[in-house]
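A closer look at the structure
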Amino acid sequence: MTSLINSEFLKIRRTSIPWLTILVPFFCVFLVAVVFAGNEYSMQSIINQWSLIWILLFSVLISGMTTHHESISTQYKSILSSPVSLFKFELSRLIMLVELFFTGNVFLAALIVIFKFYFSSMVGMGFILLSIIVVAISSLWTVPFFLLISRLSNIFIGILIALFGFILGGSFSGTSFKYLIPFTWSPDAASTIIKMHVNGVPYSSGTHYFINPMYIILSLSLFIILTLTECLLFTHQEVKK
């Protein structure tokens, strides 16, 4: 399995896909620095924007571009001719994407630590870093989801769904539907840690932070379901070919 994962990395090594782990977090931090310059909640705004918008864009880009690269370079011919299970092939590709996904979140944390003296925050650095971890786990389901969407359609459909998901996340976060709409899990999970509502309004003073484990449980559960679905559908489709 390790060799399969390494081979997936080798396929995209010379593409722009690995650079997304740097570019997307950088643009998130850069734009917040420009728009919220001098704001006393600028560091919290980075997490707020990342959890609502940028992490969706990041996930759909790495999943969609990887699928597009595979389809135009080999059209899965090397996979079809291999005796290795197609299920394992797709699972290894998904694991590779998950590693890229977490790498991008780690780079975001590194940028925040490096430029911490430029940004202001009403919560400590520990809470900011904790929120990045929680956001990453609460958004983990998006990796197999956008991989499935991009493979069955294309990356542009995935981007449209991500934009629609951003609207849903902003509209239904904090409502009674928050557990039913996956796009709300990440921003809602972050808001209680950084003490900032999804709309960018800080919590009232004296509000204590807390982690809602339900978002993590829901995300991991949906991640497993979507992973099995994508791998099984991939196997079925490729066998039919």
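In what follows, the accompanying structure is described. None of these values were measured; they are calculated from a predicted model. (Residues numbered from 1 in each chain as written. Predicted model: local features only at pLDDT ≥ 70, side-chain atom pairs only at ≥ 80, totals over all residues. Heavy atoms only, no water.)

**Concerning the packing of aromatic side chains**
Under the counting rule described, the total for this entry stands at 13 aromatic pairs. Where F26 meets F30, the ring centres are 6.1 Å apart and the plane angle is 15°; that geometry is what we call stacked. With F26 and F30 both in helix 2 (residues 20-35) and four residues apart, the pair spans about one turn of that helix. Take F30: its relative accessible area is 43%, and that puts it in the partly exposed class. Ring centres of W50 and F58 lie 6.1 Å apart, and the angle between their planes is 40°; on these two criteria the pair is classed as tilted. Of the residues examined, W50 reaches a relative accessible area of 0% and is grouped as buried. (Phe/Tyr/Trp six-rings, centres within 6.5 Å; stacked < 30°, edge-to-face > 60°. Helix = DSSP H or I, 4+ residues; strand = E, 2+ residues; numbered from the N terminus. Buried < 20%, exposed > 50% of the residue type's maximum accessible area, 1.4 Å probe, protein only.)

**A word on the nonpolar core**
Ranked by size, the top nonpolar core spans 58 residues in total, and within it I46, W50, F101 and I112 carry the most contacts. When near neighbours in sequence (up to four residues on either side) are disregarded, I112 contacts M43, I46, I47, M125, I128 and I132. (Core = buried A, V, L, I, M, F, W, Y, C linked by side-chain atoms within 4.5 Å. Contact = heavy atoms within 4.5 Å.)

**A closer look at the layout of surface pockets**
Its volume calculated, the largest pocket comes out at about 180 Å³. The greatest single-element share of the lining of the largest pocket, amounting to three residues, is contributed by helix 9 (residues 185-194). (1 Å grid on protein atoms, 1.4 Å probe; cavity = no way out; pocket = protein on both sides within 12 Å on 5 of 7 lines; lining within 4 Å. Points joined across faces, edges and corners; volume = space filled by probe spheres on them.)

**Here we look at the environment of S153**
Structurally, S153 can be placed in the loop between helix 7 (142-152) and helix 8 (155-172). A residue is classified by how much of its surface remains accessible, and S153, at 35% relative accessible area, is partly exposed. In this structure, the C-alpha to C-alpha distance between S153 and G64, residues 89 residues apart in sequence, is 9.7 Å. A distance of 2.5 Å separates a polar atom in the side chain of S153 from the backbone oxygen of I149. (Polar contact = N/O pair within 3.5 Å; in protein donor to acceptor, adjacent residues only side chain to side chain.)

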